Every structure is written in structure tokens, then in C-alpha cells.
Amino acid sequence: PETITVQELANRMSERAVDVVRLLMKQGVMKKINELIDADTAQLVAEELGHTVRRVAESDVEEGLFDAPDASEVLTTRPPVVTIMGHVDHGKTSLLDAIRHTTVVKGEAGGITQHIGAYQVTTPLGGKVTFIDTPGHAAFTAMRQRGARSTDIVVLVVAADDGVMPQTAEAINHARAAGVPIIVAINKIDKPDAKPERVRSELLQYEIQVESLGGETLEVEVSAKERLNLDKLLELIQLQAELLDLKANPDRPAEGVVIEAKLDRGRGPVATVLVQRGTLRQGDVIVAGAEWGRVRALVDDKGKAVSEAPPSMPVEILGFNGAPEAGDRLAVVENEARAREVAEYRQRQKREQAAARATVRVSGLEEMMS
Ligand code: GDP
Ligand code: MG
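Here the structure is a predicted model, which is why all the values come from computation and not from measurement. (Residues numbered from 1 in each chain as written. Chains lettered and ligands numbered in written order. Predicted model: local features only at pLDDT ≥ 70, side-chain atom pairs only at ≥ 80, totals over all residues. Heavy atoms only, no water.)

Visitor: Can you help me understand the site of ligand 1 in this one?
Guide: Around ligand 1 lies a shell of 15 residues, among which Asp89, Lys92, Thr93, Ser94 and Asp190 are the nearest. Serine 223 is positioned with one of its side-chain polar atoms (N or O) 3.3 Å from an oxygen atom of ligand 1. Protein coverage of the free-state accessible area of ligand 1, which is 580 Å², stands at 72%. Per-element accounting of the shell around ligand 1 gives the leading share, three residues, to helix α5 (residues 92-105). Grouping the amino acids of the shell around ligand 1 by side-chain chemistry returns two nonpolar, seven polar and six charged. (Near = heavy atom within 4 Å. Polar contact = N/O pair within 3.5 Å; in protein donor to acceptor, adjacent residues only side chain to side chain. Areas by Shrake-Rupley, 256 points an atom, 1.4 Å probe, with all protein chains shown as cover. Helix = DSSP H or I, 4+ residues; strand = E, 2+ residues; numbered from the N terminus. Nonpolar A, V, L, I, M, F, W, Y, C, P; charged D, E, K, R; others polar.)

Dropping the structure here:
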């Protein structure tokens, strides 16, 4: 049911909350400032105070933000988006760094990359692969909880000297729950005590059967430290991507997901977004979560300004009025009025949810003390 706190209702009418409480009391409704009242009661109160009421349903505000799927004729192949997961210290960061460094050294312009939360490389076969550079299950889960599917392929890193550990199992479960295929990267193969065979058999307990044991899961032995078999890993990712037949329509207003966002001292709110369909351009009016803005500049993972970002490309966006949250979905809208409407609606919702949570906490406390 639709509800609103007394405070929020008062705010929207520019009335004092105590006056609203008093009016409610006169009508026999005893409510405190942080408590929720239903929409009908709120309407009565507002009309009593001489306000005109326009009830806006969520369906009206959010309508059309994320359009229906694109027709298959307009779809073109897009690069895969990869997240590296695995137990702590098994080499996720090392592998991400090694892949980035290797591909940069092999002739990409711009030299050293900067950290924006995701990066894209060109593989030896000439295709592109996007890596989410905030490894860890937290980021993956946060995005999934917001309904954003941000990853096409999980690379599961297992250290050959350590084997399958609790967070390895956790990662397997996350990937499964999200329906994302796994490629197994057995890392630290350079170590004298590496036992890749043991890793393969341990994975069987989690119903992961790698190719060399007759199964279907792609696998590769790597060393992030010695940079062994990184090309092979990239090839497997491309192979898996071909099997998945990943496509998107580049010719439409952009949609995407926020990977990271922060308030930068010099540049203001900065968000790294992964474009998922459409093409994001300078000047686009955008909304993500409860924040909106106009794209002032787009910066790629090499720190270079770009004018547009096609599907699967990660870019930093300058121009938000506030920093959105990781996992927020981004949409391009027609104009600033529309963006403001959506953002303000969501800000109100956030405030109300926070107030409702606070009320629950307070009443819980009162019960404990009585
Ligand atoms: P993360 O916690 O999964 O991100 O793991 P890190 O990338 O931080 O690596 C943990 C430790 O393992 C570090 O000391 C790395 O230098 C080391 N390490 C990572 N990959 C390799 C590898 O391929 N071989 C060896 N010998 N050590 C590695
Ligand atoms: Mg790490």
C-alpha cells in the first residue's frame, strides 16, 4: 500500500509537521512525525490544508525508463563483461593487473592505465574484453541485488597451492545464482608446491567438471606472477563469449550500470558506468538511482576524453549533480525536467524508507524499555 511519513507530507506541502500531527489528531488519528500514514489519509489532510493533491504512482514516474527489449535485427555483437572471483590471496588483483599490463605493453596507446573500476583490453585474436576491476563478491552481489546484470562471464581464480577454499565455493554459488558461466583459472602454477590436479578434483565436489576431466567448463593454468598463459585465458573468454552470442543495440539512448562512484575534490561527482545497450554521448541527460545530470565529459580507462561509449564500454562520467551508488542503473532521458522528476521521486522514496526504518528501530527500542 502507498504510504508517506507525516514529516515528508508536511515537507511537500511546506507546512509544519506539528500542524499535520494536530490535524490528524483532530480526525482521531494518532501519529508521530516519523510514522507512516496511508495515501488516502494523506490526501484528506492535504485537502483540509487547502492543497491540491496529485497522486503519482511509481509506474508513472518510472514508466519507459528501461524500454522493452530491442528487435533482433538491430542487435550487433558486443564484447563480454568479465568479473574475476575467488578466495582471498588466490591472485585476483594480480591477474587483473597482469592482464591489463600485458595488453597495454602490446601496443595500446596511452600507456599506463588509471583505475576507474573497470577496463577494456584487446585480445590477441583482435576482440575486446571488459574486466570489472573491483573484484570481490560484494560488488557483484550489490549489483545483482539492484537487478543489474553486470557480468557475462566469471573467471574463477583458484590458487594451485591452496586449492578450493570457502570463498571459492561462495563465488561458485554467486555465479550459479546469477546464471553466469564460469571459466576456471588455476593460478600460481609457477609455485613448486602447485597441485593443479588436486584443484580439478576438488571442483568436482561443487559440480564443476573441467574439460580435461571430460566436462564442459573451460579451464586454464596460469601464473599472474610469471604472466603465463594470459593469452590463453583471453582466448577462452572470447570463445565463451561466442558461445553466449552476446549482442546489444548500439543505436538507441544508452542504458547501463554504475560500477563505482565518488565525489572527486576537483571534478565533482564522478561515476564509472558500464554501458549495456545504446551509445552514451556527451550532452546526454542521465539519471542513475536518485541522481541526475548532463554528461559534461566522458573519460575512458586510459584517462582519455572520448565523445561516446558503445555497449560493454566502461567510462567515467562527469556531470552528475551528486554521486549515485554502485549498482544503480543508468538511463538516458529526453530532457532535464524528466531527469529531475525521476531523481526527486527516488530521493523522496529513499527518505521515506529511511524514516520508516528509523521508526521501526525507535518503536523496537520503546518495547525493550517498557
Ligand atoms: P587477491 O586477494 O585474490 O586479490 O590476491 P592478490 O593478487 O593480492 O595476490 C595474493 C598474493 O599472491 C600476493 O602476494 C601475490 O604476489 C601472490 N600471487 C598472485 N599470483 C601469483 C602467481 O601466479 N604466482 C605466485 N607465486 N604468487 C602469486
Ligand atoms: Mg585483491
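Visitor: What is the right way to read the packing of helix α2 (residues 17-26) against helix α3 (residues 39-48) from this model?
Guide: The relative placement of two packed helices comes down to the angle between their axes together with the axis-to-axis distance. Where α2 meets α3, the closest approach of the two axes is 11 Å, and the angle between their N-to-C directions is 110°. Between α2 and α3, the crossing angle belongs to the class labelled roughly perpendicular. Counting all contacts with α2, which are made through Val20, Leu23 and Leu24, the residues of α3 involved are Thr41, Val45 and Glu48. Across the contact of α2 with α3, the residue classes tally to four nonpolar, one polar and one charged. (Axes fitted to C-alpha atoms, helices over the stretch in contact; angles between N-to-C directions. Parallel < 35°, antiparallel > 145°, perpendicular 65-115°, else oblique. Contact = heavy atoms within 4.5 Å.)

Visitor: Is there a simple way to explain the confidence of the model for the chain in this structure?
Guide: Summarising the model, the chain shows a mean pLDDT of 89, and 90% of its residues fall at 70 or more. Contacts for the low-pLDDT stretch residues 105-110, under 50 throughout, to residues beyond four places or in other chains number seven contacts. (pLDDT = per-residue confidence, 0-100.)

Visitor: Help me understand the pairing of strand β19 (residues 329-333), please; the structure alone is not making it clear to me.
Guide: Consecutive side chains along a regular strand alternate between the two faces of the sheet. In terms of residue burial, β19 counts as a mostly covered element, since four of its five residues are buried. As judged from the three bridges shared by strand β11 (residues 255-264) and β19, these two strands associate in the antiparallel manner. Each bridged residue has a counterpart across the sheet, and for glycine 256 the counterpart in β19 is leucine 330. (Buried < 20%, exposed > 50% of the residue type's maximum accessible area, 1.4 Å probe, protein only. Pairing = 2+ DSSP bridges.)

Visitor: I keep staring at helix α7 (residues 166-178) and nothing clicks. Help me out?
Guide: Three or four residues apart is the spacing at which side chains of an α-helix point the same way, because the helix has 3.6 residues per turn. Helix length check: α7 (13 residues) gives 19 Å between terminal C-alpha atoms against 18 Å at 1.5 Å per residue, within 8%. Residues of α7 that are buried: Thr168, Ala169, Ala171, Ile172, His174, Ala175 and Ala178. (Expected span 1.5 Å × (residues − 1).)

Visitor: How should I be thinking about the side chain of threonine 130 in this particular structure?
Guide: By secondary structure assignment, the location of threonine 130 is in strand β6 (residues 128-132). Looking at threonine 130, the relative accessible area reads 0%, which means it is buried. Those residues in contact with threonine 130, other than ones at most four positions away along the chain, are Pro79, Pro80, Val81, Val82, Tyr119, Gln120, Leu274, Ser312 and Pro314.

Visitor: Even after reading the chapter, I still don't get unusual backbone geometry, so can you show me in this structure?
Guide: Among all residues save glycine, negative phi is the norm, and among peptide bonds the norm is trans. Positive phi values are uncommon outside glycine, yet asparagine 229 reaches one of about 65°. Its place among the elements puts asparagine 229 in the loop between β9 (219-221) and α9 (230-244). Judged by its relative accessible area of 39%, asparagine 229 is partly exposed.

Visitor: Can you help me understand empty space enclosed by the protein in this one?
Guide: It is a probe the size of a water molecule, rolled over the atoms, that shows where empty space is left. Taken as a whole and judged by the stated rule, the model has three cavities of 30 Å³ or more. Taken together, His115, Ile116, Glu260, Ala261, Lys262, Val270, Ala271, Thr272 and Glu316 form the lining of the largest cavity. Taken together, the elements giving at least two residues each to the lining of the largest cavity come down to β11 and β12 (268-277). A per-class count over the lining of the largest cavity returns four nonpolar, two polar and three charged. (1 Å grid on protein atoms, 1.4 Å probe; cavity = no way out; pocket = protein on both sides within 12 Å on 5 of 7 lines; lining within 4 Å. Points joined across faces, edges and corners; volume = space filled by probe spheres on them.)

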